[in-house]
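Each chain, letter by letter, is given below.
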Amino acid sequence: MTLEANKALARKILGLWAGNANEDARAFIADTYVNHQEPFVDDGANDLGLEAWLALVEGHKVAFPDCRVEILRQVAEGDTVATRWRFSATNKGPYLGRPATNKPLSWTGIEIDVIKDGKIIESWVDWDMVRQLRQLGHIA
């Protein structure tokens, strides 16, 4: 695949977090996919297989149904794409065991995706959970 095609796949996986995203993730994510989250969000697990990651994404859509994904920068080399992104949303559903706050917020992060045979096989994600929790009013 070309670098541009790899970048497009990286944008697709990030787009799944958006509330209006309805693509079939299995069309471009490998069955053996592993997502490394930092900080971890799913009961302390920070290495998620495809099914656990898809469940995390679905929970996110409930918590943030109007989530918008903005790509701030992308760099690709070989089979790897690094994407800096910003999510903007309103907390309309339960999140991390807490009720909705109805507060608008935005947070940033970086995702590094590895692509093989036209599918994403692995992702490393670092995101600003502190900023997110402050905006939700969960921490000072």
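None of the values given here were measured: they were computed from a predicted structure. (Residues numbered from 1 in each chain as written. Predicted model: local features only at pLDDT ≥ 70, side-chain atom pairs only at ≥ 80, totals over all residues. Heavy atoms only, no water.)

Moving on, we come to unusual backbone geometry. In this structure, L96 is a non-glycine residue whose phi angle is positive, near 55°. Note on placement: L96 falls in the loop between β4 (80–90) and β5 (104–116). Judged by its relative accessible area of 38%, L96 falls in the partly exposed class. The backbone phi angle of N102 is positive, close to 60°, even though this residue is not glycine. Mapped onto the secondary structure, N102 falls in the loop between β4 and β5. N102 gets classed as partly exposed once you look at its relative accessible area, which sits at 48%. (Helix = DSSP H or I, 4+ residues; strand = E, 2+ residues; numbered from the N terminus. Buried < 20%, exposed > 50% of the residue type's maximum accessible area, 1.4 Å probe, protein only.)

Along the chain, R68 falls in strand β3 (residues 68–77). Given a relative accessible area of 48%, R68 falls into the partly exposed group. Taking the C-alpha atoms as reference points, R68 and N20, separated by 48 residues in sequence, lie 8.7 Å from one another. Once residues within four sequence positions are removed from consideration, R68 is found in contact with R86, F87, S88 and A89. (Contact = heavy atoms within 4.5 Å.)

Pairing is possible between side chains of opposite charge, provided their charged atoms come close. Considering all chains together, one arrives at seven salt bridges under this definition. As a salt-bridge pair, E70 and R86 come within 3.1 Å of each other at their nearest N and O atoms. Highlighted residues: E70 in strand β3 and R86 in strand β4, separated in sequence by 16 residues. We classify R86 as partly exposed; its relative accessible area is 27%. Ionic pairing is found between R131 and D128, a salt bridge with its closest N-O pair at 3.4 Å. The exposure class of R131 is partly exposed, given its relative accessible area of 34%. When its relative accessible area of 27% is taken as the criterion, D128 is described as partly exposed. (Salt bridge = Lys/Arg side-chain N within 4 Å of Asp/Glu carboxyl O.)

Across nine bridges, β3 lies against β4 in antiparallel orientation. Among the inter-strand pairings, V75 is bridged to a residue of β4, identified as A82. Hairpin remark: β3 followed by β4, antiparallel, with two residues in the connecting loop; positive phi at G78, about 60°. (Pairing = 2+ DSSP bridges.)

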